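# Fold and geometry: a report
Listed below are the residues making up each chain.
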Amino acid sequence: MASSKLKAFWNHPAGLKTIHFWAPTFKWGLTLANVADFTKPPEKISYHQQIVVAASGLIWSRYCMVITPRNWNLCSVNFTMSMTGLYQLSRKFRHDASSERDIAAVKE
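Bear in mind that the values here come from a model prediction, so they are computed numbers and not experimental data.

### Things to note about the packing of aromatic side chains
Within the structure shown, the criterion is met by five aromatic pairs. With centroids separated by 6.2 Å and ring planes inclined at 40°, the aromatic side chains of Trp 22 and Phe 26 adopt a geometry described as tilted. In this pair, Trp 22 and Phe 26 are both assigned in helix H2 (residues 19-36), four residues apart and thus about one turn of the helix distant. Given the relative accessible area of 64%, Phe 26 is considered exposed. Relative to Tyr 87, the ring of Phe 38 has its centre 4.7 Å away and its plane inclined at 65°; by these criteria the two rings are edge-to-face.

Here it is, written out as structure tokens:
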């Protein structure tokens, strides 16, 4: 039974023998790098970079649901990438908003 499932996975159009498996697997490295940046100070986060990370993640998440074969590994990595980008953007927005409030309080 396990042998037949392994053989089916091996011969699947998005299986181990194809770029459809390996490209999203290596793309997890980008997502994990963004997760590692959660400890980075918010003032060092780039709006442009995180907007691109979030937007490309959302766009490609949609795309991998339309292509054949449907690639769940690609969908999950892109969705996770978009969520990490949105989280980083929220950290940056909150930091900038609190900085502006602090500056306004000092001016008063």
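Let us keep going from here.
### Quick word on helix H3 (residues 47-63)
Because each turn of an α-helix spans 3.6 residues, side chains separated by three or four positions in sequence point in the same direction. Between its first and last C-alpha, H3 extends 24 Å over 17 residues, near the 24 Å set by a 1.5 Å rise per residue. Where H3 starts, the residue carrying a side-chain oxygen 3.4 Å from the main-chain nitrogen of His 48 turns out to be Ser 46.

### Quick word on the pattern of salt bridges
When the charged atoms of two side chains with opposite charge come close together, those side chains can pair. Taken as a whole and assessed by the stated rule, the structure comprises two salt bridges. Asp 37 is paired through a salt bridge with Lys 40; the nearest N and O atoms lie 3.9 Å apart. Between Asp 96 and Lys 92 there is a salt bridge, with its nearest N and O atoms 4.0 Å apart. Of this pair, Asp 96 and Lys 92 both sit in helix H4 (residues 72-107), four residues apart, which is roughly one turn of the helix.

### Observations regarding unusual backbone geometry
A cis geometry characterises the amide bond from Thr 68 onward to Pro 69, with omega recorded as 0°. Examined against the element boundaries, Pro 69 turns out to sit in the loop between H3 and H4.

### Let's talk about the nonpolar core
Listed in full, the five residues of the largest apolar core are Cys 64, Ile 67, Leu 74, Cys 75 and Val 77. Setting aside chain neighbours within four positions, we find Cys 64 in contact with Arg 70, Asn 71, Leu 74 and Cys 75.

### So, the side chain of Gln 88
Among the secondary structure elements, Gln 88 is positioned in helix H4. Under the relative-accessibility criterion, Gln 88 is labelled buried at 1%.

### Concerning the confidence of the model for the chain
For the chain, per-residue confidence averages 89 on the pLDDT scale, and residues scoring 70 or more make up 94% of the total. H3 holds the highest mean pLDDT among the elements of the chain, 96, whereas helix H1 (residues 2-11) holds the lowest, 81.

What counts, and at which threshold
- Residues numbered from 1 in each chain as written.
- Predicted model: local features only at pLDDT ≥ 70, side-chain atom pairs only at ≥ 80, totals over all residues.
- Heavy atoms only, no water.
- Phe/Tyr/Trp six-rings, centres within 6.5 Å; stacked < 30°, edge-to-face > 60°.
- Helix = DSSP H or I, 4+ residues; strand = E, 2+ residues; numbered from the N terminus.
- Buried < 20%, exposed > 50% of the residue type's maximum accessible area, 1.4 Å probe, protein only.
- Expected span 1.5 Å × (residues − 1).
- Polar contact = N/O pair within 3.5 Å; in protein donor to acceptor, adjacent residues only side chain to side chain.
- Salt bridge = Lys/Arg side-chain N within 4 Å of Asp/Glu carboxyl O.
- Core = buried A, V, L, I, M, F, W, Y, C linked by side-chain atoms within 4.5 Å.
- Contact = heavy atoms within 4.5 Å.
- pLDDT = per-residue confidence, 0-100.

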